[in-house]
Amino acid sequence: METKKERIYLCLAHMSGKEMDYIKEAFDTNWVVPLGPNVNGFEKDLEEFVGQGKRVVALSSGTAAVHLGLIAAGVRAGDEVIVQSFTFCASTHPITYLGATPVLVDSEPYTWNIDPVLMEEAIKDRIAKTGKKPAAIVPVYLYGMPAKIDEIMSVANKYDIPVVEDAAEGMGSIYKNRVCGTFGDYGVLSFNGNKMITTSGGGALICPNEEMWRRVMFFATQAREAYPYYQHEEIGYNYRMSNICAGIGRGQMTVLEDHIAHHRRIADIYRELFKDVEGITFHDEQEGMKSNFWLNTIVLDENLRLKNEDHAYAETIKGAVGGAAGVVHNSDSAHTDCEPNVNVEAMRLALDAVGIEARPLWKPMHKQPVYRNVPAYVNGISEELFHKGLCLPSGPCVSEDDALWIVDTIKENIR
């Protein structure tokens, strides 16, 4: 099979063929800067897609969007911010950029996203302990799965706390016929190379109105005042998306709906093929929700036995799993105090051995050493899922035949 000759990646956005036209136009007109027609056009395309009268600022990354969303929401040094613990660090690190403190809240078991009941308990406790309410709430759409956003917003409105929705993984996911990222005060999108669409790297912040759009744009472009020279009265950032990257994004917007449909089709195949496999559960959407299934995920029962479990954690990882960009520190030990179960790591290794890239779920932030001293409100859900869960290849590069092969390979490695 041709796909067995090439590595099957977890997720990879494909080009549409339109991108080069926009990129060529940018070079031909000498708009090779972090502004220009492609940036404006991409923002308009995004505004049309998200609807609800929202404005959008295209930025250099999803992390930048979280950062600016928090600034726009009024977060300052010394504040506390409620944030989902079961997430990637881009949801939490920008809080610390501002000198604020993340307050980590665990998940509910159905969507795997922030538990609204536990979130309210955390808010009450922080008010009791600090004398003030958290400055913002950051829920996340983990792996594209819609959160219980009605309940989250009900709590947020009750305490008058702004919400910055981290929909970096959830572009195109729907909750009650409305695009995720448009319920809170601000919404975050990501266009990293592995997302639903890509600009190679990049992100966007969904803003509630023209006034706040202008405010965010001000901060994204170094906070320059209206003088013929550079006058700065506030701290700004170089976060604007480049015209070249935005050209890629404009081309990608033409295939977004196709990408979403493909991800959902691969999810349909996984769901059907795993339904009778004892010991493996496919993570599915709930009623009223339409996930983009950015990543399809499964949970392995802790009693499920695999053929190669003796090899799990036998040696340390060299570099980053999945070829992640950047420099990593080499580890002296293959173990940490919170890690996937042996059968999960054994399955990852078995898939990797034949060229299929799978990864563990996100390690909860409250188990990350860098956040060992921040307040955390946990119920055990995210830790249990981290111990048992695995992400499977899901992107446009994954064909229906690939999905069949991946499931067959998983079955073959069960004792």
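A brief look at the structure comes next. (Residues numbered from 1 in each chain as written. Predicted model: local features only at pLDDT ≥ 70, side-chain atom pairs only at ≥ 80, totals over all residues. Heavy atoms only, no water.)

As for the pattern of salt bridges
Then, number 1: One pass over the structure, following the stated rule, counts 20 salt bridges.
Then, number 2: Lys158 is paired through a salt bridge with Glu120; the nearest N and O atoms lie 2.7 Å apart. Taken together, the residues Lys158 in helix H6 (residues 149–159) and Glu120 in helix H5 (residues 116–130) connect sequence positions 38 residues apart.
Then, number 3: For Lys158, a relative accessible area of 58% puts it in the exposed group. (Salt bridge = Lys/Arg side-chain N within 4 Å of Asp/Glu carboxyl O. Helix = DSSP H or I, 4+ residues; strand = E, 2+ residues; numbered from the N terminus. Buried < 20%, exposed > 50% of the residue type's maximum accessible area, 1.4 Å probe, protein only.)

What to know about the side chain of Ser382
Then, number 1: Following the sequence through the fold, Ser382 ends up in helix H11 (residues 381–388).
Then, number 2: Its relative accessible area of 0% is what places Ser382 among the buried residues.
Then, number 3: Ser382 has contacts with Phe86, Asp106, Ser107, Pro364 and His366, leaving out every residue within four places of it along the chain. (Contact = heavy atoms within 4.5 Å.)

Description of the layout of surface pockets
Then, number 1: For the second largest pocket, the calculated volume is near 220 Å³.
Then, number 2: For the second largest pocket, the lining is made up of ten residues, of which Ala220, Thr221, Gln222, Arg224 and Tyr230 are closest to its centre.
Then, number 3: For the lining of the second largest pocket, the per-class residue count stands at four nonpolar, four polar and two charged. (1 Å grid on protein atoms, 1.4 Å probe; cavity = no way out; pocket = protein on both sides within 12 Å on 5 of 7 lines; lining within 4 Å. Points joined across faces, edges and corners; volume = space filled by probe spheres on them. Nonpolar A, V, L, I, M, F, W, Y, C, P; charged D, E, K, R; others polar.)

A look at the sheet that holds strand S9 (residues 203–207)
Then, number 1: Reading across from one edge, S1-S9-S8-S5 is the order of the four strands in this open sheet, with mixed pairing throughout. This sheet does not close on itself; its edge strands, each paired only once, are strand S1 (55–59) and strand S5 (164–166). Along the sheet, successive strands turn relative to each other by an average axial angle of 20 degrees, direction set aside.
Then, number 2: Packed onto the sheet, helix H2 (residues 37–50) meets S1, strand S8 (186–190) and S9 and runs at close to 135 degrees relative to S1. (Pairing = 2+ DSSP bridges. Axes fitted to C-alpha atoms, helices over the stretch in contact; angles between N-to-C directions.)

Considerations on the packing of helix H9 (residues 256–274) against helix H12 (residues 400–412)
Then, number 1: With their axes 10 Å apart at the nearest point, H9 and H12 run at an angle of 30 degrees to one another. Taken together, the axes of H9 and H12 are roughly parallel relative to one another. Note that H9 runs across H12; the crossing there is right-handed. From H9, Arg265, Ile266, Ile269, Tyr270, Leu273 and Phe274 reach across to H12, where they touch Glu400, Ala403, Leu404, Ile406, Val407, Ile410 and Lys411.
Then, number 2: Tallied by class, residues from the contact of H9 with H12 come to ten nonpolar, no polar and three charged. (Parallel < 35°, antiparallel > 145°, perpendicular 65-115°, else oblique. Left-handed = near helix turned anticlockwise from the far one by under 90°.)

Concerning the pairing of S9
Then, number 1: By the criterion of burial, S9 is predominantly enclosed, with five of the five residues buried.
Then, number 2: Bridge count between S1 and S9: five bridges; the pairing is antiparallel. Bridged to Val57 within S9 is Leu205.

Side note on the sheet that holds strand S7 (residues 178–179)
Through backbone hydrogen bonds, the strands of a sheet pair up, either in parallel or in antiparallel fashion.
Then, number 1: One open sheet holds the three strands; their spatial order is S7-S6-S11, and the pairing between them is antiparallel. Strands at the two margins of the open sheet, each flanked by one partner only, are S7 and strand S11 (289–290).

Thoughts on the nonpolar core
Then, number 1: With 57 residues, the main nonpolar core has Phe42, Leu46, Ile82, Met119, Met171 and Phe191 as its most contacted residues.
Then, number 2: Looking at which element gives the most residues to this core, the answer is H6, with six residues.
Then, number 3: Beyond its immediate stretch of four places on either side in the chain, Met119 contacts Ile82, Val105, Ile114, Ile137, Ile152 and Val155.
Then, number 4: With 38 residues, the next largest nonpolar core counts Val57, Leu104, Val164 and Met217 among its residues. (Core = buried A, V, L, I, M, F, W, Y, C linked by side-chain atoms within 4.5 Å.)

Looking at the environment of His259
Then, number 1: Mapped onto the elements of the fold, His259 is located in helix H9.
Then, number 2: Measuring from C-alpha to C-alpha, the distance between His259 and Met196 comes to 6.5 Å, with 63 residues separating the pair along the chain.

Some thoughts on the packing of aromatic side chains
Then, number 1: Applying the stated rule across the entire model yields eleven aromatic pairs.
Then, number 2: Here the aromatic rings of Tyr143 and Trp362 are separated by 6.3 Å at their centres, their planes lie at 5 degrees, and the arrangement is stacked. Taken together, the positions of Tyr143 in the loop between strand S4 (136–138) and H6 and Trp362 in the loop between strand S13 (359–360) and strand S14 (376–377) put the pair 219 residues apart, joining distant regions of the chain.
Then, number 3: Using a relative accessible area of 3% as the deciding quantity, one classes Tyr143 as buried.
Then, number 4: A centroid spacing of 6.0 Å and a plane angle of 25 degrees characterise the contact between Tyr270 and Phe274, whose relative ring orientation is stacked. One end of the pair, Tyr270, and the other, Phe274, are both in helix H9, four residues apart, so they sit about a helical turn from each other.
Then, number 5: Look at Tyr270 and you get buried, because its relative accessible area is 0%. (Phe/Tyr/Trp six-rings, centres within 6.5 Å; stacked < 30°, edge-to-face > 60°.)

What about the packing of H5 against H6?
Then, number 1: The N-to-C vectors of H5 and H6 enclose an angle of 20 degrees; their axes lie 9 Å apart at closest approach. Here H6 runs roughly parallel to H5, going by the angle between their axes. As H5 packs across H6, the resulting crossing turns out to be right-handed. Contacts from Pro116, Met119, Glu120, Ile123, Lys124 and Ile127 in H5 reach Glu151, Ile152, Val155, Lys158 and Tyr159 in H6.
Then, number 2: Each residue belonging to the contact of H5 with H6 can be placed in one class, and the counts come to seven nonpolar, no polar and four charged.

Some thoughts on the pairing of strand S3 (residues 101–105)
Moving residue by residue along a regular strand, the side chains alternate between the two faces of the sheet.
Then, number 1: S3 sits mainly inside the fold: four of its five residues count as buried.
Then, number 2: Relative to S3, strand S2 (residues 80–84) runs parallel, the two sharing five bridges. The partner of Val83 across the bridge, within S3, is Leu104.
Then, number 3: As judged from the two bridges shared by S3 and S14, these two strands associate in the parallel manner. What sits directly across from Leu104, in S14, is Ala376.

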